[in-house]
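Examining the three-dimensional arrangement
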Amino acid sequence: MESWCGGAEKSEDGKVTIVNESETSLEDTFDHQLRNLIEPLPSGIEFKTVKDDAGSECLVIFIPRSDLAPHRVGDWNMDDKKRILGRYYGRSGTSSVPLPENIVRAMYLSRGRVPRVSVYTEVNIPNVNKIQLKTIVEPDPQQYISQYYNNNQIAIIGSSLNVLPDTDGRLWRNIRSVSPDSPIYPKSEPYELLISTILNSKEDSAKQTMEELSELARSLRLMDVQFSQIYAIATKSNFSCDNVPLVTRTRLYILDIPEHRHLNGYSLTRATDLIRIEKKFDVEIYIAATFHKHIQDDGDAYFWGFDNNLHTSHIEKLLENLTSNSHD
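**Comments concerning the overall build of the chain**
- Of regular secondary structure, the chain possesses six helices and 20 strands.
- For the chain, with 328 residues in total, the buried portion stands at 40%.
- Look at the contacts in the chain between residues 6 or more apart in sequence, and 56% of them connect residues 24 or more apart.
- Accessible surface, the chain: about 19,200 Å² in total, of which carbon and sulfur atoms supply 48%.

So, in structure tokens, the structure goes:
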């Protein structure tokens, strides 16, 4: 293969200059070498020559999305003009990086399969002034997913199981979603895609570390009086990718009052008493361990008022409200 390289450079004055070290036709060279550069060869590749004022040429190459992935790229050592063993690449942010062998194997195994993948938002409370919102993926054990849609929302709920709207009056608030440049890797266990946080902003920021300040900038910050009112959080994660229609997973986390969140044995688990409501609203309900002995099933009646019990009629009313406002 003849050594050839080129490209377009933009100067400070905004002019574009084409750099081309080849004396032969770029179209002929590219067309001749294309089959040696990539396999299997994608269909629909188009290219055309572009010239600048000085008559220098470069190629503009159009590559449509391929249904034949993965593709192996032939690397060339330009010093001795020897072909190196082909590699497989994937996107990582704005760069292309070599894919590990297990990922490539998984991509071959997954050809033609509909991936089994799901995303949900999990609530965790590491300290008295922070609530973590973890975006968790349950990946397909074989399929590598490079392009997908993910949107995550939360609803903040007060001590009377009333939703605390944002400044625009919306019940559901968007939280940070996973970057589209973050692929989903095949694994046998769920893993974290992203962590967002709700912070109590009463702390003096001058006393915080750079890491804490960075987290502060990426988080939903609430004043102390607002943060202390958080009694429960509903989460909604929307996900879709190739061959997978949009799926929404909704969870309701009932946290108890702040003073109880750090008692020994505090945890958030599902309760068999609430299975009927989960099925009715297609939601997973997690409640604080401090509540498990205080669930009151009201049947078809509505319990007016609030006491130390967790009333099923209150939960149903809350979920009806959130469902009716699911698109706000």
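**Digging into the packing of aromatic side chains**
- Throughout the structure, instances matching the rule amount to four aromatic pairs.
- Arranged with centres 5.5 Å apart and planes meeting at 65°, the rings of tyrosine 144 and tyrosine 185 form a pair that is edge-to-face. Taken together, the residues span a long stretch of sequence, with tyrosine 144 in the loop between strand 10 (130-138) and strand 11 (148-157) and tyrosine 185 in the loop between strand 12 (173-175) and strand 13 (191-200) at a distance of 41 residues.
- Take tyrosine 144: its relative accessible area is 10%, and that puts it in the buried class.

**Looking at helix 6 (residues 312-324)**
- Taking 1.5 Å per residue as the helical rise, helix 6 with its 13 residues ought to reach 18 Å, and the 18 Å between its terminal C-alpha atoms agrees with that figure.
- The set of residues buried in helix 6 consists of Thr312, Ser313, His314, Ile315, Glu316, Leu318, Leu319 and Leu322.

**A short note on unusual backbone geometry**
- In this model, leucine 161 sits at a positive phi of 55°, which is unusual for a non-glycine residue.
- Phi is positive for aspartate 282, which is not a glycine, with a value near 50°.
- Summarising the element assignment, aspartate 282 is placed in the loop between helix 5 (275-281) and strand 18 (284-288).

**Observations concerning the pattern of salt bridges**
- Applying the stated criterion to the full structure yields 11 salt bridges.
- Taking the shortest distance from any N to any O, the salt bridge between glutamate 284 and arginine 249 comes out at 2.8 Å. In this pair, glutamate 284 is assigned in strand 18 and arginine 249 in strand 16 (residues 244-254), connecting sequence segments 35 residues apart.
- Overall, the relative accessible area of 16% leaves arginine 249 in the buried class.
- Across the pair arginine 270 and glutamate 278 runs a salt bridge, and its minimum N-O distance is 2.9 Å.
- For glutamate 278, a relative accessible area of 9% puts it in the buried group.

**A short note on the sheet that holds strand 18**
- With mixed pairing, the six strands of this open sheet are ordered in space as 12-11-15-16-18-17. Strands with a single pairing partner mark the edges of an open sheet, and in this sheet they are strand 12 and strand 17 (268-269).
- Bridge analysis of strand 17 against strand 18 gives two bridges, and the strand direction is antiparallel. Note that in strand 18 the partner of leucine 268 across the bridge is alanine 288.
- Packing against the sheet, helix 6 makes contact with strand 11, strand 15 (232-241), strand 16 and strand 18, and its axis sits at approximately 145° to strand 16.

**Comments concerning the environment of glutamate 57**
- Checked against the element boundaries, glutamate 57 lands in strand 5 (residues 57-62).
- For glutamate 57 and leucine 26, which are 31 residues apart along the polypeptide, the C-alpha to C-alpha distance reads 7.7 Å.

**Re the nonpolar core**
- Ile198, Leu252 and Ile315 are the most contacted members of the largest nonpolar core, which has 43 residues in total.
- Elements with a minimum of two residues in this core: strand 9 (118-127), strand 10, strand 11, strand 15, strand 16, helix 5, strand 18 and helix 6.
- In this view, isoleucine 315 contacts Leu161, Leu252, Ile254, Leu274, Ile277, Ile285 and Leu310; residues no more than four positions away in its chain are not counted.
- Counting 13 residues, the second-largest nonpolar core is a separate cluster that includes Tyr148, Ile184, Phe239 and Cys241.

Conventions and cut-offs
Residues numbered from 1 in each chain as written. Predicted model: local features only at pLDDT ≥ 70, side-chain atom pairs only at ≥ 80, totals over all residues. Heavy atoms only, no water. Helix = DSSP H or I, 4+ residues; strand = E, 2+ residues; numbered from the N terminus. Buried < 20%, exposed > 50% of the residue type's maximum accessible area, 1.4 Å probe, protein only. Contact = heavy atoms within 4.5 Å. Areas by Shrake-Rupley, 256 points an atom, 1.4 Å probe, with all protein chains shown as cover. Phe/Tyr/Trp six-rings, centres within 6.5 Å; stacked < 30°, edge-to-face > 60°. Expected span 1.5 Å × (residues − 1). Salt bridge = Lys/Arg side-chain N within 4 Å of Asp/Glu carboxyl O. Pairing = 2+ DSSP bridges. Axes fitted to C-alpha atoms, helices over the stretch in contact; angles between N-to-C directions. Core = buried A, V, L, I, M, F, W, Y, C linked by side-chain atoms within 4.5 Å.

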